[in-house]
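If you want the building blocks of each chain, they are given just below.
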Amino acid sequence: MTELNRQITLLSRPAGRPCEANFRLVESPLPTPGQGQVLVRNHWLSLDPYMRGRMMDVRNYAPPVGIGEVMVGDTAGEVILSHHPDFRPGDRVVGALGWQRYGVAEGEALRKVDAERIPLSVHLGAAGMPGVTAYVGLTDLCAAKAGETVVVTAAAGAVGSVAGQLARLRGCTVVGVAGGAAKCRHVVEALGFHDCVDYKAPELRRRLKAALPNGVDCLFDNVGGEVLDALLGRLNPFSRVTLCGAISEVDNPSPHGVRRLLPLIVNRVRVQGFIVGDHRARWAAAIDELSGHVASGRIRCHETVAEGLAAAPAAFLDLLAGRSLGKQLVRLE
Ligand code: NDP
């Protein structure tokens, strides 16, 4: 094959907010799969907030991307050449092949997916890692039950939109928190949450109180900072807080943080952080249920799509800044 691969590598680590100059688009020969390996042409690249952490050389739950290395990322694509008995050309697969057009992976690191039941891209969103995150956080950790009040922050995003819709399907009252009136409208009108509070408008605490007359039994938090701190004051006795992400702290040199711990003690609240990769045993059940909900229209998934690999850095910055709606993807040319 004479076709070249296109890749986006990490050129430099950000000092403060990341920018497009931290990335470089390069061309290289197509990789050749060895024994047990598979060559995949990626059709979709998923952009996710965790990539911001991988740009930094600091202690984290996973190692950083090295300077000059291809940026990490989940991809969905098509098998081109296989030296693994379980894969054949044309199979649709999801893997972590990174920000590139083609990639080689061990067969064991790829997951065959059904792109007939739901579109291939959804295997990176509502029926992929973000969806499983929502499922584990809501079902296993928050253990949300019918009749309870669930609050989900970053409610219009990839994880939050699924967490809230799942909670609604479980019979809960669901209140979202999102940035701006347009996102809040989307959360209520398109996703079916019962209410949504715009955290960017004034008097957040007063409006949270008004939207939560029965308090909060389960808080699925994606943002941390001031929004989390305000919500902790609305928790009911024996409520659960699932700490999924703290995106408000990522580029903030002096994050707001949690100001008062006493309400957590008085209300005997269980607070748990988690990383979805630690819950591999739950992935198959989660993906099966989520795929069914998407296929039947019970869970709606909105995608923001950037066109072409070269658009990935700008789309990633948009994701971090809240300029995307639903799942941020890149369609690879
Ligand atoms: P989203 O699609 O939700 O995109 C991120 C959203 O964060 C933006 O759209 C924006 O929404 C919001 N945001 C950005 N800055 C701020 C801020 N300063 N304060 C409040 N909100 C802000 O991303 P994902 O759904 O992919 O991820 C959501 C969270 O879940 C992230 O924190 C991520 O790190 C975490 N995560 C954790 C996993 C785990 O295993 N623990 C796995 C996957 C994701 P808005 O416009 O409403 O402000």
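Just so we're clear, the structure is a prediction, and the values are computed from it rather than from any experiment.

**Some thoughts on the domain arrangement of the protein**
Turning to step 1, where the next piece is worked out: The assigned domain composition of the protein is domain 1 (4-125 + 301-331) and domain 2 (129-277).
Turning to step 2, where the next piece is worked out: When each unit is reduced to the centre of its C-alpha atoms, the spacing between domain 1 and domain 2 is 28 Å.
Turning to step 3, where the next piece is worked out: The interface of domain 1 with domain 2 comprises 18 residues on the first partner and 12 residues on the second.
Turning to step 4, where the next piece is worked out: When domain 1 packs against domain 2, close to 1200 Å² is buried across both sides, 61% of that on carbon and sulfur atoms.
Turning to step 5, where the next piece is worked out: Here domain 1 and domain 2 share one salt bridge between them.
Turning to step 6, where the next piece is worked out: Between R52 and D251 there is a salt bridge, with the nearest N and O atoms lying 2.6 Å from each other.
Turning to step 7, where the next piece is worked out: Inspection of the domain 1/domain 2 interface yields five residue pairs in polar contact (both at pLDDT 80 or more).
Turning to step 8, where the next piece is worked out: Of the residues assigned to the side of domain 1 that touches domain 2, the class counts are seven nonpolar, six polar and five charged.

**As for the packing of helix α2 (residues 129-141) against helix α8 (residues 283-296)**
Turning to step 1, where the next piece is worked out: Running from N to C, α2 and α8 point in directions that differ by 105°, and their axes come no closer than 9 Å. When the axes of α2 and α8 are compared, the pair comes out roughly perpendicular. Taken together, the residues of α8 that come into contact with α2 (itself represented by M129, G131, V132 and Y135) are W283, A285, A286, I287, E289 and L290.

**Focus: the site of the ligand**
Turning to step 1, where the next piece is worked out: Neighbouring the ligand are 25 residues; V159, K183, Y199, F274 and V276 lie closest to it.
Turning to step 2, where the next piece is worked out: At 2.7 Å, a backbone N or O of V276 approaches an oxygen atom of the ligand.
Turning to step 3, where the next piece is worked out: Contact with the protein chains removes 88% of the 900 Å² of surface that the ligand exposes when unbound.
Turning to step 4, where the next piece is worked out: Going through the elements one at a time, α2, α3 (158-169) and α9 (312-321) are the ones with two or more residues in the shell around the ligand.
Turning to step 5, where the next piece is worked out: The residue makeup of the shell around the ligand, split by class, is 16 nonpolar, eight polar and one charged.
Turning to step 6, where the next piece is worked out: When residues of the shell around the ligand are assigned to domains, at least three map to each of domain 1 (4-125 + 301-331) and domain 2 (129-277).

**A closer look at the nonpolar core**
Turning to step 1, where the next piece is worked out: By size, the foremost hydrophobic cluster in this structure holds 40 residues, and its most contacted members are L138 and V150.
Turning to step 2, where the next piece is worked out: Going through the elements one at a time, α2, β8 (149-153), α3, β9 (173-178), α4 (181-189), β11 (216-221) and α8 are the ones with two or more residues in this core.
Turning to step 3, where the next piece is worked out: With seven residues, the top contributor of residues to this core is α2.
Turning to step 4, where the next piece is worked out: If we skip the residues at most four places from it in the chain, L138 touches A143, A144, V150, A163, L166, A167, C218 and F220.

**Looking at the sheet that holds β9**
Paired through backbone hydrogen bonds, the strands of a sheet run either parallel or antiparallel to each other.
Turning to step 1, where the next piece is worked out: Reading across the sheet, the six strands line up as β10-β9-β8-β11-β12-β13 and stay open at both edges, with parallel pairing between neighbours. Edge positions in the open sheet fall to β10 (195-198) and β13 (270-273), since each of these has one partner strand only. Each strand axis lies, on average, 15° off the axis of its neighbour in the sheet, ignoring direction.
Turning to step 2, where the next piece is worked out: As judged from the five bridges shared by β8 and β9, these two strands associate in the parallel manner. Across the sheet, T153 pairs through a bridge with V177, a residue of β9.
Turning to step 3, where the next piece is worked out: Across the sheet, α3 is in contact with β8, β9 and β11; its angle to β8 comes to roughly 170°.
Turning to step 4, where the next piece is worked out: Along the sheet face, α4 touches β9 and β10 and points at about 165° away from the line of β10.

About the thresholds
- Residues numbered from 1 in each chain as written.
- Predicted model: local features only at pLDDT ≥ 70, side-chain atom pairs only at ≥ 80, totals over all residues.
- Heavy atoms only, no water.
- Domains from an automatic or database assignment.
- Contact = heavy atoms within 4.5 Å.
- Buried area = accessible area lost by both parts, 1.4 Å probe.
- Salt bridge = Lys/Arg side-chain N within 4 Å of Asp/Glu carboxyl O.
- Polar contact = N/O pair within 3.5 Å; in protein donor to acceptor, adjacent residues only side chain to side chain.
- Nonpolar A, V, L, I, M, F, W, Y, C, P; charged D, E, K, R; others polar.
- Axes fitted to C-alpha atoms, helices over the stretch in contact; angles between N-to-C directions.
- Helix = DSSP H or I, 4+ residues; strand = E, 2+ residues; numbered from the N terminus.
- Parallel < 35°, antiparallel > 145°, perpendicular 65-115°, else oblique.
- Near = heavy atom within 4 Å.
- Areas by Shrake-Rupley, 256 points an atom, 1.4 Å probe, with all protein chains shown as cover.
- Core = buried A, V, L, I, M, F, W, Y, C linked by side-chain atoms within 4.5 Å.
- Buried < 20%, exposed > 50% of the residue type's maximum accessible area, 1.4 Å probe, protein only.
- Pairing = 2+ DSSP bridges.

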